[in-house]
Amino acid sequence: MAQVPNLDNAPINLKYLRDQSQKELITILKNIRGKKCLVIDPKLGGSLSLIVQSSLLKEHGAELRHLNAEPIETDCTKVVYLVRAQLDLMKFICSHIHNDISKGIQREYFIYFVPRRAVVCEKILEEEKVHHLLTIGEYPLYLIPLDEDVLSFELDVAYKEYIVDGDTTSLWHIAKAIHKLEFSFGLIPNVRAKGKASVRVADILNRMQSEEPVNTSEMGVPEINTIILLDRAVDMITPMCSQLTYEGLLDEFLGINNGAVELDSSIMGAQQEGKKIKVPLNSSDKLFKEIRDQNFEVVVQVLRQKATSMKQDYTEMQTTNQTVSELKDFVKKLNSLPEMTRHINLGQYLTTFTSKPSFLGRLDMEQTLVEAESYDICFEYIEEMIHKQEPLINVLRLLILFSITNSGLPKKNFDYLRRELLHSYGFEHIATLNNLEKTGLLKKQETKSNWLTIKRALRLIVEDTDTANPNDISYVFSGYAPLSIRLVQHAIRSGWRPIEEILKLLPGPHSDIKRGGVSNSPSLDSLNGSLHSSDKVVDGRRSLVLVVFIGGVTSAEISALRFLSAQEGMAYDIIVATTKIVNGSTLTETFVEKLG
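This structure is a prediction, so every number in the text was calculated from the model and none was measured.

Draft legend 1. Examining the layout of surface pockets more closely. For the second largest pocket, the calculated volume is near 630 Å³. As for the second largest pocket, its lining consists of 29 residues, of which Ala233, Ile404, Gly440, Leu506 and Pro507 are closest to the centre. If one sorts the elements of the lining of the second largest pocket by residue count, helix 6 (residues 158-163) sits on top with three residues. A per-class count over the lining of the second largest pocket returns 15 nonpolar, nine polar and five charged.

As structure tokens, this is what we get:
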């Protein structure tokens, strides 16, 4: 199965976006005649695999290499670097060129920055006296379709850069990506934003529109009716909880990267131990599309039923005479066997994690924290984790959840846990703790927590959640409805005005802007989940909401949005755009820094 996702069922023409990006890359290669060595920044490699197959790059005379400190071994006289604008990568490129010069190798060098060039990078090239040897260009890849309803800006440390380092470059990138979308699909008339970074992106977007306007008169009715911008900072509780959907758990335990997991082939039933294989996970896999958003408890049952039914069919085939059409049906079922085997293997492997007492104990603790019930038990649990030297990320993840739900920790507890952490994991982690304090994710308690008020007002804890036949988004965490998605639910259903008071209790400002001269597009405020005739797009499709997460989104939140979109009486399709797909661990890791 290909890793490049099939985008035929996307609510807007994402295939066109992907084809554009592919075309732009091929044009760069065509313009550099003859054989060339294409050296790709490894982080970009994964993103590019979702846009273009490596065979196509080879067809255009490119020999592929990953960029690292080692000199490049190639016979090509032309070397093309495709890199993000990062200082450490510039150092590699400079050392490659110096190495060639010292050996008397003559080459032509090209560097294409993704998505745009940066002055600081060019300064390094000048200081290292190689700038004049390079032809410099840009490859404007701002947005990558991960699946038919998910787009990624591929900015994996955007949240940390913005909130710790005060670097707002990523916010400009996000606005630029959205503005590029508008040139393809029309000016988005309604913009709702919550959180400091989101309001900032909305402002930049408006500035871009006034400097380089999308022509509203030529485009007709815009394809995207509303954009909802959400800061991760508004809801850091959700990602710190363990996801309980199938896709969410795969990400928690195996790490999904660019729509695939990499794991030992023995897990997938192959004979060779130690050989790694990549398993693509996107909606081109029909079975995965069916089960990805379900609670894992249910997935296990579904797979069991499918396997049993196939076994019965097989037994019947052997004991009775079949008509040709019955044989055909059976063969059709057999075609889905590879998909079934794949997910039975994955599901079985996941069960080895989810049945561990340590995982179940952790879930209990998360539940206790989210319900804000017993402070002392939680404190003791975290203290014990530190003394047992459980992985630092696991401890920090729970500590962040503890700190946010309690609006910080009493001074004596805070000082004590901080001291224990440094003793246990090493004083080099003082920089990490400083980062978490700077972001307010770990802090001393100064005011009473308003989490209880927020939790009640938005009905975040749902008793007796039915995971098999869910009627609420809380099924994705078996009883906790993600705060972020409740906000989206309100924004779509009745606008943010009715929950204005609650919004004020959450971090950052909020804004609500109407743009452009599109008078016939209904405001979301007029919608109560009922489908107005004016909401229908010309060819009978539903209106579209783009939900943008600045700082990352979890798979479970995407599942919750898909669940909302599929509800009866919902007048909208939903597409998600995010800086990166994250889970609590990958998000916490971005704050980890070791001194020295």
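Alright, that's what it looks like, and here's the rest.
Draft legend 2. Summary view of the sheet that holds strand 7 (residues 150-152). Across the sheet, which stays open at both edges, the seven strands sit in the order 6-7-15-14-9-8-13 with mixed pairing between neighbours. Across the chains shown, the open sheet's two edge strands, defined by having one partner strand only, are strand 6 (144-147) and strand 13 (510-514). Looking at each pair of strands side by side, their axes are set apart by 20° on average, direction ignored. Bridge count for strand 7 against strand 15 (residues 572-578) is three bridges, and the pairing is parallel. Bridge pairing links Leu151 to Ala577 in strand 15. Packed on one face of the sheet, helix 8 (residues 196-211) meets strand 8 (190-194), strand 9 (226-231), strand 13 and strand 14 (543-550) and runs near 140° to strand 9. Sheet strands in contact with helix 22 (residues 483-493) are strand 8, strand 9, strand 14 and strand 15, and its direction is about 155° off that of strand 9.

Draft legend 3. Representation of unusual backbone geometry within the structure. Between Val114 and the following residue, Pro115, the backbone shows a cis peptide bond with an omega angle of -5°. Among the structural elements, Pro115 can be located in the loop between strand 4 (108-114) and helix 5 (119-127). Phi angles above zero are rare outside glycine, and Asn258 is one such case at about 50°. Along the polypeptide, Asn258 turns up in the loop between strand 10 (256-257) and strand 11 (260-264).

Draft legend 4. The arrangement of helix 17 (residues 375-387) in detail. Taking 1.5 Å as the rise per residue, helix 17 with 13 residues should run 18 Å; its terminal C-alpha atoms sit 19 Å apart, in good agreement. Three or more residues of helix 17 are buried, namely Cys378, Phe379, Ile382, Glu383, Met385 and Ile386. The arc that holds every buried residue of helix 17, seen down its axis, measures 155°, which confines them to one face. Residues of helix 17 that are buried make contact with helix 16 (357-370), helix 18 (392-405) and helix 19 (411-425). Among the residues trailing helix 17, Gln389 stands out with phi positive, at a value near 55°.

Draft legend 5. Geometry of the packing of aromatic side chains. Enumeration over the complete set of coordinates arrives at 11 aromatic pairs. Ring centres of Tyr246 and Phe296 lie 6.2 Å apart, and the angle between their planes is 10°; on these two criteria the pair is classed as stacked. Placement of the pair is Tyr246 in helix 11 (residues 246-254) and Phe296 in helix 13 (residues 296-319), with a sequence separation of 50 residues. Here the aromatic rings of Tyr375 and Phe402 are separated by 4.8 Å at their centres, their planes lie at 40°, and the arrangement is tilted. Residue Tyr375 is found in helix 17, and its partner Phe402 is found in helix 18; the two are separated by 27 residues along the sequence. Since its relative accessible area comes to 22%, Tyr375 is described here as partly exposed. Aromatic ring contacts, followed pair by pair, group Phe253, Tyr349, Phe353 and Phe359 into a single cluster. Directly above the aromatic system of Trp172 lies the positively charged group of Arg116, at a separation of 3.8 Å from the ring centroid.

Draft legend 6. Just the environment of Asp464, in detail. Note that Asp464 resides in the loop between helix 21 (451-457) and helix 22. Classification of Asp464 as exposed rests on a relative accessible area of 76%. C-alpha of Asp464 to C-alpha of Lys438: the two residues are 26 residues apart in sequence and 38 Å apart in space.

Draft legend 7. Region of the structure containing the pattern of salt bridges. Applying the stated criterion across every chain, the model contains 31 salt bridges. When the shortest N-O distance is used, the salt bridge between Lys388 and Glu384 registers 3.3 Å. Judged by its relative accessible area of 44%, Glu384 is partly exposed. With a shortest N-O distance of 2.0 Å, Arg418 and Glu437 are connected by a salt bridge. With Arg418 in helix 19 and Glu437 in helix 20 (residues 430-438), this residue pair connects regions lying 19 residues apart in the sequence. Look at Glu437 and you get partly exposed, because its relative accessible area is 30%. When salt bridges that share partners are traced, they join Asp147, Asp149, Glu247, Arg292, Asp293 and Arg562 into one network.

How each quantity is defined
Residues numbered from 1 in each chain as written. Predicted model: local features only at pLDDT ≥ 70, side-chain atom pairs only at ≥ 80, totals over all residues. Heavy atoms only, no water. 1 Å grid on protein atoms, 1.4 Å probe; cavity = no way out; pocket = protein on both sides within 12 Å on 5 of 7 lines; lining within 4 Å. Points joined across faces, edges and corners; volume = space filled by probe spheres on them. Helix = DSSP H or I, 4+ residues; strand = E, 2+ residues; numbered from the N terminus. Nonpolar A, V, L, I, M, F, W, Y, C, P; charged D, E, K, R; others polar. Pairing = 2+ DSSP bridges. Axes fitted to C-alpha atoms, helices over the stretch in contact; angles between N-to-C directions. Contact = heavy atoms within 4.5 Å. Expected span 1.5 Å × (residues − 1). Buried < 20%, exposed > 50% of the residue type's maximum accessible area, 1.4 Å probe, protein only. Arc of directions from axis to C-beta. Phe/Tyr/Trp six-rings, centres within 6.5 Å; stacked < 30°, edge-to-face > 60°. Lys NZ or Arg CZ within 6 Å of the ring centre and 35° of its normal. Salt bridge = Lys/Arg side-chain N within 4 Å of Asp/Glu carboxyl O.

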